[in-house]
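Structural overview
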Amino acid sequence: MAEKARIGILISGRGSNMAALVYAAKAPGCPYEIVLVASNHPDAPGLTLAEAEGIATFAHPHKGLSREEHDAIMHDALVEAGVEYVVLAGYMRILSDGFVSKWADRMLNIHPSLLPKYKGLDTYQRAIDAGDRVAGCSVHLVTPELDDGPILAQTEVAILPGDDADSLASRILIAEHQLYPGALARYVTREADPDWILAEVRRRALALEETHERASFGAPGWRVGSETTGKYFAYFAQSHHGEASIALLVKTTGIDEQTALIDADPDLYYAPKFYGKSGWIAIRLDQGRTDWDYIGEWLYKSWCQVAPKRLTRLIEIAGQF
Ligand code: GRF
């Protein structure tokens, strides 16, 4: 199995979600390990539990420090522990934009509502007062805007007749403990998920001008030009023609470039069946080390190879200035 993702959890109090993650991480095959539990309250009950479970802990009160100063101290502790993903679990601090951007796409939070409903506090009472039939919890990526990042997973929890904020909160908490460990596991292994990889390729391919998607012999492919006369500039190969790998197929300038690429990095590139003969190259996307900016550049270069002159001419002209 691949190396486990290293998780740092930030808490402020009880730490029941932290405990759920700690125990989930003990299961064989869990793709993450908890390497640090840190808090802004040195007496947070969750720290005692983490210590008893043999996990490194760190605490630093925020009193007397600016938000940026305190965040910097927490950041250094996370980096020192070799943390790759930060998981917020009842961390009752608004984070500075600087801290959030340092952990962009690598920081998750759990919130006790079905986001985008009821951001902020008092979520249970607000759901009850609104007459909702279901409440719930959401795991989301953290962005500078409070409780606003992309939603990764949600669980609905029925609101019962006679529920008050406390009774509803305690049921939602059960759902949180079920939701968070699985959502984290899926997130840290997303680069091995073919659907996630395909979505990343698709987003970049369709961002290029005048492109559309059309399957070719069962493989997703992207064309430039009109629906009738468009030409393929990329294919997504997953177990295609019996090949085991997941790869992006793009057009090189010809066999010479194709050969040079394969010679330079035979683990990353190969000549795909059928398409290889006409100078297409396969770039592997399933090795857990994909440089997505580089993939974006390849899609663009391949698009330039086949795009109609009226589209590429504008780019050539722009390039002269
Ligand atoms: C949970 O309700 C969670 O949704 C919210 O803070 C609370 C943390 O509880 N973000 P605990 O410390 O994990 O027990």
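So, how was this worked out
Residues numbered from 1 in each chain as written. Predicted model: local features only at pLDDT ≥ 70, side-chain atom pairs only at ≥ 80, totals over all residues. Heavy atoms only, no water. Helix = DSSP H or I, 4+ residues; strand = E, 2+ residues; numbered from the N terminus. Core = buried A, V, L, I, M, F, W, Y, C linked by side-chain atoms within 4.5 Å. Buried < 20%, exposed > 50% of the residue type's maximum accessible area, 1.4 Å probe, protein only. Contact = heavy atoms within 4.5 Å. Domains from an automatic or database assignment. Axes fitted to C-alpha atoms, helices over the stretch in contact; angles between N-to-C directions. Parallel < 35°, antiparallel > 145°, perpendicular 65-115°, else oblique. Left-handed = near helix turned anticlockwise from the far one by under 90°. Nonpolar A, V, L, I, M, F, W, Y, C, P; charged D, E, K, R; others polar. Phe/Tyr/Trp six-rings, centres within 6.5 Å; stacked < 30°, edge-to-face > 60°. Near = heavy atom within 4 Å. Polar contact = N/O pair within 3.5 Å; in protein donor to acceptor, adjacent residues only side chain to side chain. Areas by Shrake-Rupley, 256 points an atom, 1.4 Å probe, with all protein chains shown as cover.

**Thoughts on unusual backbone geometry**
- Following L115, the chain continues into P116 via a peptide bond in cis, with omega recorded as 15°.
- Relative to the elements of secondary structure, P116 occurs in the loop between β5 (107-111) and α5 (123-129).

**Remarks on the nonpolar core**
- Counting residues in each nonpolar core, the largest one holds 40 residues, and the members touching the most others are I7, I9, Y32, I34 and V37.
- The element contributing the most residues to this core is helix α6 (residues 165-188), with 10 residues.
- Beyond its immediate sequence surroundings of up to four residues, Y32 is in contact with K4, A5, I7, L21, A24, A25, P181, L184, A185 and V188.
- Judged by nonpolar contacts, the second largest core, of 27 residues, contains I197, F236, L268 and L285.

**Focus: the domain arrangement of the chain**
- Partitioning the chain into structural domains gives domain 1 (5-191) and domain 2 (194-319).
- Just the C-alpha atoms count here: the centres of domain 1 and domain 2 sit 38 Å apart.

**Here we look at the packing of helix α7 (residues 194-206) against helix α9 (residues 292-306)**
- At a closest axis distance of 10 Å, the pairing of α7 and α9 adopts a crossing angle of 50°. Between α7 and α9, the angle falls in the class oblique. Here α7 and α9 pass one another in a crossing that is right-handed. The segment α7 lies against α9, with W196, I197, E200, V201, R204 and A205 engaging W292, G296 and L299.
- Class assignment of the residues belonging to the contact of α7 with α9 gives a composition of 6 nonpolar, 1 polar and 2 charged.

**A look at the packing of aromatic side chains**
- The full count for this structure, using the stated rule, is 7 aromatic pairs.
- With a centroid separation of 6.0 Å and 85° between ring planes, the pair formed by W196 and W292 is classed as edge-to-face. Here W196, found in helix α7, pairs with W292, found in helix α9; they are 96 residues apart in sequence, far enough to count as distant.
- For W196, a relative accessible area of 22% gives the class partly exposed.

**A few points about the site of the ligand**
- Residues in contact with the ligand, as listed here, are R14, G15, S16, N17, G90, I110, P112, Y124 and E176.
- One of the backbone N or O atoms of G15 is found 2.8 Å from an oxygen atom in the ligand.
- Here the ligand, which alone exposes 370 Å², has 87% of that area covered by the protein.
- Tallied by class, residues from the shell around the ligand come to 3 nonpolar, 4 polar and 2 charged.

**Digging into the packing of helix α1 (residues 16-25) against helix α2 (residues 45-52)**
- Where α1 contacts α2, the axes come no closer than 10 Å and their chain directions differ by 15°. As far as their axial angle goes, α2 and α1 are roughly parallel. In the packing of α1 onto α2, the handedness of the crossing is right-handed. Together, M18, A19 and Y23 of α1 and G46, L49 and A50 of α2 make up the contact between the two elements.
- Grouping the constituent residues of the contact of α1 with α2 by class yields 5 nonpolar, 1 polar and no charged.

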